[in-house]
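The residues making up each chain are set out below.
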Amino acid sequence: MPGRPSPRGQFGHLGHPSLVDAEPGVFWLEQPGRPAPRPPLEASTDADLVVVGGGYTGLWTALLAKERHPGRDVLLLEAGRIGWAASGRNGGFCSASLTHGEANGRARWPEEYATLDRLGRENLDAIEDTIDRYGIDCDFERTGELTVATAPHEVAWLEEAAAEGSGELLDRAAVRAELDSPTYLAGLRDPDGTALVDPARLAWGLARAAESLGVRIAEGTRVAGLTRHGAGVRLETHTGAVVTARHVALGTNAFPSLLRRVSLHTVPVYDYVLMTEPLTDEQLASIGWQSRAGVGDSANQFHYYRLTRDNRILWGGYDAVYHYGRRVDPRRDQRPETHRKLAEHFFETFPQLEGLRFTHRWGGAIDTCTRFSAFFGTAMGGRVSYALGYTGLGVGATRFGARVMLDLLDGRRSEVTELEMVRRRPLPFPPEPFAWAGIQLTRWSLARADAKAGRRNAWLRTLDRLGLGFDS
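Right, let's walk through the structure included here. (Residues numbered from 1 in each chain as written. Predicted model: local features only at pLDDT ≥ 70, side-chain atom pairs only at ≥ 80, totals over all residues. Heavy atoms only, no water.)

With respect to the overall build of the chain
The condition that has to hold: Only runs of H or I of at least four residues qualify as helices and only runs of E of at least two qualify as strands under DSSP, and these elements are numbered from the N terminus. For a compact globule the rule gives 2.2 Å times the number of residues to the power 0.38, and the radius of gyration it is set against comes from C-alpha atoms. Partly exposed residues are those whose accessible area sits between 20% and 50% of the maximum for their type, while under 20% is buried and over 50% is exposed, using a 1.4 Å probe and protein chains only. Residues are treated as being in contact if the distance between any of their heavy atoms lies within 4.5 Å. Lys and Arg are tallied as positive, Asp and Glu as negative. Neither His nor the chain termini are counted. Positions of charges follow a simple convention, taking NZ of Lys, CZ of Arg, CG of Asp or CD of Glu.
In terms of regular secondary structure, the chain is built from 15 helices and 18 strands. A globule of 472 residues ought to have a C-alpha radius of gyration of about 23 Å, and the chain, at 22 Å, matches this closely. Once the C-alpha set of the chain is aligned to its principal axes, its extents read approximately 70 × 45 × 45 Å. Going through the 472 residues of the chain one by one, you find that 56% of them count as buried. Contacts spanning at least 24 positions in sequence make up 77% of the contacts within the chain whose residues lie at least 6 apart. Taking the average place of the 56 positive charges on the side chains of the chain and the average place of its 59 negative ones, the gap between the two points comes to 7 Å.

A few points about unusual backbone geometry
Residue proline 433 follows glutamate 432 across a cis peptide bond; omega there is 5 degrees. Considering the arrangement of structural elements, one finds proline 433 in the loop between helix H13 (420-423) and helix H14 (434-451). Positioned with a positive phi, aspartate 139 is a non-glycine residue whose angle comes to about 55 degrees. As for its position among the elements, aspartate 139 is in the loop between helix H6 (113-134) and strand S4 (145-149). A relative accessible area of 19% means that aspartate 139 is categorised as buried. Its identity is not glycine, yet alanine 453 carries a phi of approximately 55 degrees, on the positive side. The residue alanine 453 is located in the loop between H14 and helix H15 (458-466) in this model.

A word on the pairing of strand S11 (residues 242-250)
Moving residue by residue along a regular strand, the side chains alternate between the two faces of the sheet. As a reminder of what qualifies: Two strands pair if DSSP finds at least two bridges between them.
Most of S11 is tucked away: 7 of the 9 residues are buried. Sheet analysis places strand S1 (residues 45-52) next to S11, joined by 7 bridges and oriented parallel. Residue pairing across strands places aspartate 46 opposite threonine 244, the latter belonging to S11. Pairing of strand S10 (residues 232-237) with S11 involves 4 bridges; the strand directions are antiparallel.

A closer look at the packing of aromatic side chains
The line we're drawing: Pairing of aromatic side chains requires ring centres within 6.5 Å, counting the rings of Phe and Tyr and the six-membered ring of Trp. Pairs whose planes differ by under 30 degrees are stacked, by over 60 edge-to-face, and all others tilted.
One pass over the structure, following the stated rule, counts 15 aromatic pairs. Aromatic pair phenylalanine 93 and tyrosine 304: ring centres 6.1 Å apart, planes at 80 degrees, arrangement edge-to-face. With phenylalanine 93 in strand S3 (residues 93-95) and tyrosine 304 in strand S14 (residues 303-307), the pair connects residues that are 211 residues apart, well separated along the chain. The class of tyrosine 304 is buried, set by a relative accessible area of 13%. Pairing tryptophan 315 with phenylalanine 346 gives two aromatic rings, centres 5.3 Å apart and planes at 90 degrees, and the pair type is edge-to-face. In this pair, tryptophan 315 is assigned in strand S15 (residues 313-317) and phenylalanine 346 in helix H11 (residues 336-349), connecting sequence segments 31 residues apart. The class for tryptophan 315 is buried, based on a relative accessible area of 0%.

Side note on the packing of H6 against helix H12 (residues 394-410)
Operational definition: Angles run from 0 to 180 degrees between N-to-C directions of axes, and those axes are lines fitted to C-alpha atoms, restricted for helices to the stretch in contact. For classification purposes, angles smaller than 35 degrees are called roughly parallel, those larger than 145 roughly antiparallel, those between 65 and 115 roughly perpendicular, and all remaining angles oblique.
Contact geometry of H6 with H12 gives a least axis separation of 9 Å together with a crossing angle of 100 degrees. Classified by the angle their axes make, H6 and H12 are roughly perpendicular. Contacts between H6 and H12 pair Leu119, Asn123, Ala126 and Ile127 from the former with Val395, Gly396, Ala397, Arg399, Phe400 and Arg403 from the latter.

A few points about a nonpolar patch on the surface
Quick note on the threshold: Patch rule: a residue counts if its relative accessible area is over 30% and it has no salt bridge; like charges are joined within 9 Å, and nonpolar side chains (Val, Leu, Ile, Met, Phe, Trp, Tyr) within 5 Å. The Shrake-Rupley method, run with a 1.4 Å probe, gives the accessible areas here. Residue values count only the displayed protein chains as cover. One side-chain nitrogen of Lys or Arg within 4 Å of one carboxyl oxygen of Asp or Glu is enough to make a salt bridge.
Taken together, Leu441, Trp444 and Trp459 make up a surface patch of nonpolar side chains, about 300 Å² in accessible area. Counting through the fold element by element, tryptophan 444 comes out in helix H14.

Here's the deal with H15
Quick reminder of the rule: Counted as a polar contact is a pair of N or O atoms within 3.5 Å, where, for protein atoms, one must be capable of donating a hydrogen and the other of accepting one, and residues adjacent in sequence contribute only when both atoms are in side chains.
The backbone nitrogen of tryptophan 459 has a side-chain oxygen 3.2 Å away, supplied by the residue at the start of H15, namely asparagine 457. One or two residues past the end of H15 sits glycine 467, with phi positive at roughly 70 degrees.

Let's talk about the pairing of strand S9 (residues 223-229)
Bridge analysis of S9 against S10 gives 6 bridges, and the strand direction is antiparallel. Note that in S10 the partner of valine 223 across the bridge is threonine 237. The turn linking S9 back onto S10 is made up of 2 residues, and glycine 230 within it adopts a positive phi angle of 60 degrees.

Description of the environment of arginine 118
Counting through the fold element by element, arginine 118 comes out in helix H6. With a relative accessible area of 34%, arginine 118 lands in the partly exposed category. The spatial distance from the C-alpha of arginine 118 to the C-alpha of valine 267 is 29 Å, given a sequence separation of 149 residues. Among the polar contacts made by the side chain of arginine 118, one reaches the side chain of glutamate 415 at a distance of 2.3 Å.

Digging into the packing of helix H3 (residues 56-68) against helix H9 (residues 199-212)
Rules: Left-handed describes a crossing whose near helix is turned anticlockwise from the far helix through less than a right angle; right-handed describes the clockwise counterpart. Under the convention adopted here, Pro, Cys and the residues Ala, Val, Leu, Ile, Met, Phe, Trp and Tyr are nonpolar, Asp, Glu, Lys and Arg are charged, and Gly plus all remaining residues are polar.
One can describe the packing of H3 onto H9 by two numbers: an axis separation of 9 Å at closest approach and a directional angle of 30 degrees. On the basis of the axis angle, H3 is roughly parallel to H9. For the crossing formed where H3 meets H9, the hand is left-handed. On H9, the residues touching Tyr56, Leu59, Trp60 and Leu63 of H3 are Pro199, Ala200, Leu202, Ala203, Leu206, Ala207, Ala209 and Ala210. Here the residues of the contact of H3 with H9 are counted per class, giving 12 nonpolar, no polar and no charged.

This is the structure we're talking about:
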């Protein structure tokens, strides 16, 4: 009717009543207890090992390096704050999978998948042990994971996964007894393969643990370049300080690589998240969720969601947004159209929670590669190692990546360095404008497949044959 305000105008630029009070900030990073900033590196120095990047990859590398060799001098350089990027703003799903799920792992490494599955579960056990040994308060809960089907063709996918031993198949009544949504048609429960954590507190705790062993950490220190220097590596920083190191481990992930050889192997993909206010006892009872398992749906454009310690619901995913030029820009951490879409999807999934408000909204960049899981390598005659491309499952897999990088730097021939997954890199993305055009076509095709009972068009089938893909 003329003169009637549109929903978007009525509820501000976010266009949904549940978002009116949602702060544009990261819930995890804004909670009490965030450590004070560590000072930047002002004076030139040297070290046995320099770790570049203060996210999970760098933190695990520094910690494991000192545990292996207590006398090794380890320096970690972080351009911003510890855990401020992907490591401090993800959903907190700490998965045993090193391969971005069983289907991807079996398709790419069928001969060694059993080994990768065992290594992944051992890795998750080791993470739990580290958290216990160092007293890291990060709300670690080994809840398992629930995968749900919201379309008939997805039920068939879960049935196939259950037949391969991936978990317990739940019919519609059983899955709704576990977590009640009218959209659920079936579920697959893996009771032990995933833990939930507070991601920022895990990063802060790993940093404290590393420092307790003697690791030096400098924040606000961006590394501008790497060059060979005798038998080692010279690192130049934007503060003017120069570091000479015997070895360097790179954990820069979604940010531009310091190595040209891998610059086309990843692209930054933006993922978006909402956090609700705490649920009342009555609201929580209306949906169940006694197991507190992390949840993901089965669509190509999928949602992931979990409970926090104080019974908020973190709700994220669906959109995986790539911006032309591979640039990471803090201005892209907010995307009103995606946050509005996520809010709409939330209440379609849980209509019984109508009236619940979101308190925080944010986004961030994930590094993805064409095989959806991390790849590894060395440069400068073995003086530099890297691990990149975790594609959104890095909370757990980064510890494995640190192990691989250290083995490569130490020249160790180990079970992990002999893996085909470690020895081979994925195919790179093409340069612009082809990368942007191909990714947009892939996103459109994935959405179309979700709308057409999972049927993949010629473009997706071609990518499947080439072993290429795009995901978050």
